[in-house]
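# Descriptive analysis of the structure
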Amino acid sequence: YPRKKSSYDIDVREFLVTDRNEVMRKMLREDIKSFVQATPGANWELFQSRSEGSFDHRAHLIAAFVAEKIAYKAAREDFWQFPDETLWVKEGDCEDRALLMASLLLASGVSGYNVRVALGKLRVSLKSGKRREHDHAWVMYKNEDGSWILLEPLQLHREAKGAFNPEWPSGLTQAEYIPYFVF
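Residues numbered from 1 in each chain as written. Predicted model: local features only at pLDDT ≥ 70, side-chain atom pairs only at ≥ 80, totals over all residues. Heavy atoms only, no water.

### What about the side chain of glutamate 152?
Mapping glutamate 152 onto the fold places it in the loop between strand E5 (148–151) and strand E6 (172–182). Within the buried core, glutamate 152 has no salt-bridge partner, and the shortest N-O distance to an opposite charge, that of arginine 97, equals 7.4 Å. In this structure the side chain of glutamate 152 is engaged in a polar contact, spanning 3.1 Å, whose partner is the backbone nitrogen of leucine 154. Within the structure, glutamate 152 has its side chain in polar contact with the side chain of tyrosine 177 (distance 2.6 Å). (Helix = DSSP H or I, 4+ residues; strand = E, 2+ residues; numbered from the N terminus. Buried < 20%, exposed > 50% of the residue type's maximum accessible area, 1.4 Å probe, protein only. Lys, Arg positive; Asp, Glu negative; His and termini not counted. Salt bridge = Lys/Arg side-chain N within 4 Å of Asp/Glu carboxyl O. Polar contact = N/O pair within 3.5 Å; in protein donor to acceptor, adjacent residues only side chain to side chain.)

Below you can see the structure in the form of structure tokens.
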């Protein structure tokens, strides 16, 4: 392809960070620890351990942390933020929140073989019969039973909840995730 002056090559995997990233390690030691300790039914010792159920426990708590602590902000121009930036500004769109969620999973000790970020389309069917398609990003996590589950970066957030609430007047009746790229 002829190169455009306004583009440059980048490896999308650079948007994920691991346990070697001190910003993520500090977030886990301080903010997420406080969040886990304040969450009913959560257990910090289980979160840190490698015992049965600990990885699934971690995945669900990290998803809840991102949903509660990182505000959703729709992007006017879609520039991806690095996970450290998303933590700093405490807001981001679906890609920013998915990249942060995946990075926190990796930094917490979940194997890279069990975490994927998917970029693609979210096709929704509404009660009115209309279908809508949105560009979207989400996290896929291979749970301890060996099944891939979806961690939706917008599902739990109070500002994005309406899109996933079937009680909403023109509510969602069906959602189809169509991945184009997975890394």
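Text resumes after the structure shown.
### Looking at the confidence of the model for the chain
Mean pLDDT over the chain stands at 85; residues scoring 70 or higher make up 83%. The weakest mean pLDDT in the chain belongs to E6 at 86; the strongest belongs to helix H2 (residues 44–48) at 97. Contacts from residues 157–170, a stretch scored under 50 in pLDDT, to residues over four places away or in other chains number 28 contacts. (pLDDT = per-residue confidence, 0-100. Contact = heavy atoms within 4.5 Å.)

### Points about helix H3 (residues 54–69)
Between its first and last C-alpha atoms H3 spans 22 Å; for 16 residues at 1.5 Å apiece the expected length is 22 Å, and the two agree. For H3, the buried fraction is high: 12 of the 16 residues fall into the buried class. Among all positions in H3, only Ser54, Phe55, Asp56, His57, Arg58, Ala59, Leu61, Ile62, Ala63, Phe65, Val66 and Ala67 are buried. (Expected span 1.5 Å × (residues − 1).)

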